[in-house]
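As a plain string of letters, each chain reads:
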Amino acid sequence: MISDPQHATHQHSPLPPIENWGPCGQPCDHPCDQPCDEKTAGQSRWANWLKSSLFNTLDVCFDDVYREPKKILIVGGCRQMDLAQHIALLLPAADITLVDPDEAVTQKAKEEICCRFKFVTSPLEALPFEADEFDLTIAHNFMAYPQEWTKALSEIGRVTCGNLFLSTHRPLLWSIARRFHSICRAMTELGFTPPRQLPETFDLLTHLHLYAKIKTKLAPFPWTVYMAKMRPDRQERLTLAS
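Attention here is on the structure that accompanies the text. (Residues numbered from 1 in each chain as written. Predicted model: local features only at pLDDT ≥ 70, side-chain atom pairs only at ≥ 80, totals over all residues. Heavy atoms only, no water.)

## A closer look at the overall build of the protein
At step 1: Each helix and strand in the protein was counted, giving 9 helices and 7 strands.
At step 2: Buried residues in the protein amount to 47% of all 242 residues.
At step 3: On the protein, roughly 11,900 Å² of surface is accessible, and the fraction owed to carbon and sulfur atoms is 53%. (Helix = DSSP H or I, 4+ residues; strand = E, 2+ residues; numbered from the N terminus. Buried < 20%, exposed > 50% of the residue type's maximum accessible area, 1.4 Å probe, protein only. Areas by Shrake-Rupley, 256 points an atom, 1.4 Å probe, with all protein chains shown as cover.)

Printed below as a string of structure tokens:
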């Protein structure tokens, strides 16, 4: 079980100095593994509530992850920097890659949070990674990023060999949230962009079941979250589905 270092009593050894964290192993002028108190204080009450709800959901989902992942892919992590920083704090030894289809977004994130993460610009429908490269993929707010979500989900299934945390907007709650300016502003503060599409739940689950077995389902506002374990035979299923 993965636990928050701030609350753990025995799961983790003392955390290394910040300058030793990250892929480059060099001192970093951007302490990206530490939450920024000024930024948190400047966020709206709705933003803090949404973030707290999401992080609590992550903690529950990670109860099913008994071996800490060594390589993590965060879809949209260049926009959702609070989420990326939370994962970096939770798993200080992990190699974390942030992928986004927008090069400008990737470059902006690279300038702001520097060496702790690897940054990749790529369409989700054609990820530039090897099969089974990541132990854990986090695809929060998933439908905001791909042009063709079925192909993107197939690619995530190809590169992920362990667990998948995937969330999608709930259509009714999303339509309600859009009517309130304060909630929309909070979403923007946290980097949660509107979905490109909202497929039927049956269609999403049909495709997800090709590659993974759902272990946990939760509903933090305004998303539905699925924590899934990748199927050992998913590569054969991917071949048949393509």
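## Quick word on the packing of aromatic side chains
At step 1: For the structure on display, the rule yields 4 aromatic pairs.
At step 2: Aromatic side chains W46 and W49 sit 5.4 Å apart centroid to centroid with 90 degrees between the ring planes, which places their arrangement in the edge-to-face category. Here W49 and W46 lie together in helix α2 (residues 45-61), a separation of 3 residues that amounts to about one turn.
At step 3: Overall, W46 belongs to the partly exposed group, its relative accessible area being 34%.
At step 4: With a centroid separation of 4.9 Å and an interplanar angle of 80 degrees, the aromatic rings of F192 and W223 are classed as edge-to-face. Here the residue F192 occupies a position in the loop between α7 (181-189) and α8 (201-211), and W223 occupies one in strand β7 (residues 223-230), the gap between them amounting to 31 residues. Assigned by exposure class, F192 and W223 land together as buried.
At step 5: Members of the aromatic cluster, each reached through a chain of ring pairs, are W46, W49 and F221. (Phe/Tyr/Trp six-rings, centres within 6.5 Å; stacked < 30°, edge-to-face > 60°.)

## Some remarks on the nonpolar core
At step 1: Among the nonpolar cores identified, the biggest contains 39 residues, and F62, I72, I87, I96, L98 and I138 are the most heavily contacted of them.
At step 2: Ignoring sequence-local partners within four residues, the contact set of I72 consists of I87, L91, A94, D95, I96, T97, F134, L136 and I138.
At step 3: V75, V99, L164 and A228 belong to the second largest nonpolar core, which has 27 residues in total. (Core = buried A, V, L, I, M, F, W, Y, C linked by side-chain atoms within 4.5 Å. Contact = heavy atoms within 4.5 Å.)

## Some details on the sheet that holds strand β4 (residues 134-139)
At step 1: Taken in spatial order, the 7 strands of this open sheet run β3-β2-β1-β4-β5-β7-β6, and their pairing is mixed. Here the strands that pair on one side only, and so sit at the sheet edges, are β3 (118-121) and β6 (212-218). Along the sheet, successive strands turn relative to each other by an average axial angle of 20 degrees, direction set aside.
At step 2: Helix α5 (residues 149-159) rests against β1 (71-75), β4, β5 (160-169) and β7 of the sheet, and its axis sits at about 150 degrees to β5. (Pairing = 2+ DSSP bridges. Axes fitted to C-alpha atoms, helices over the stretch in contact; angles between N-to-C directions.)

## Some thoughts on the packing of α2 against helix α3 (residues 81-90)
At step 1: Contact geometry for α2 and α3: axes closest at 11 Å, N-to-C directions at 35 degrees. At the point where α2 passes α3, the crossing takes the right-handed sense. Contacts between α2 and α3 involve K51, L54, F55, L58 and D59 from the former and D82, L83, H86 and I87 from the latter.
At step 2: Of the residues assigned to the contact of α2 with α3, the class counts are 5 nonpolar, 1 polar and 3 charged. (Left-handed = near helix turned anticlockwise from the far one by under 90°. Nonpolar A, V, L, I, M, F, W, Y, C, P; charged D, E, K, R; others polar.)

## Points about the packing of α2 against α7
At step 1: Following both chains from N to C, one finds α2 and α7 inclined at 60 degrees, their axes separated by 8 Å at the closest point. One way to sum up the angle between α2 and α7 is to call them oblique. For the crossing formed where α2 meets α7, the hand is right-handed. Contact residues: W46, A47 and L50 in α2; S182, I183, A186, M187 and E189 in α7.
At step 2: Looking at side-chain class alone, the contact of α2 with α7 contains 6 nonpolar, 1 polar and 1 charged residues. (Parallel < 35°, antiparallel > 145°, perpendicular 65-115°, else oblique.)

## Some remarks on the pairing of β4
At step 1: For β4, the tally of buried residues reaches 5 of 6 residues, placing the bulk of the element in the interior.
At step 2: Summarising the sheet, β1 and β4 pair through 3 bridges and their orientation is parallel. Note on β4: the bridge partner recorded for L73 is T137.
At step 3: A crossover links β4 with its parallel partner β5, the connecting element being α5, and its sense is right-handed. (Right-handed = clockwise from strand over helix to strand, strands pointing away.)

## Section: unusual backbone geometry
At step 1: Residues F221 and P222 are joined by a peptide bond in cis, for which omega reads -10 degrees.
At step 2: By the element assignment, P222 lies in the loop between β6 and β7.
At step 3: Its identity is not glycine, yet N141 carries a phi of approximately 60 degrees, on the positive side.

## Considering the side chain of N163
At step 1: Inspection of the secondary structure puts N163 in strand β5.
At step 2: If we ignore the near neighbours within four places in the chain, the residues touching N163 are V65, D135, L136, T137, K215, M227, A228, K229 and M230.

## Things to note about a positive patch on the surface
At step 1: A cluster of basic residues, R67, K70, K215 and K229, forms a positive patch at the surface.
At step 2: With respect to the secondary-structure elements, K229 resides in strand β7. (Patch = residues over 30% accessible without salt bridge, like charges linked within 9 Å, V, L, I, M, F, W, Y side chains within 5 Å. Salt bridge = Lys/Arg side-chain N within 4 Å of Asp/Glu carboxyl O. Lys, Arg positive; Asp, Glu negative; His and termini not counted. Charge placed at Lys NZ, Arg CZ, Asp CG, Glu CD.)

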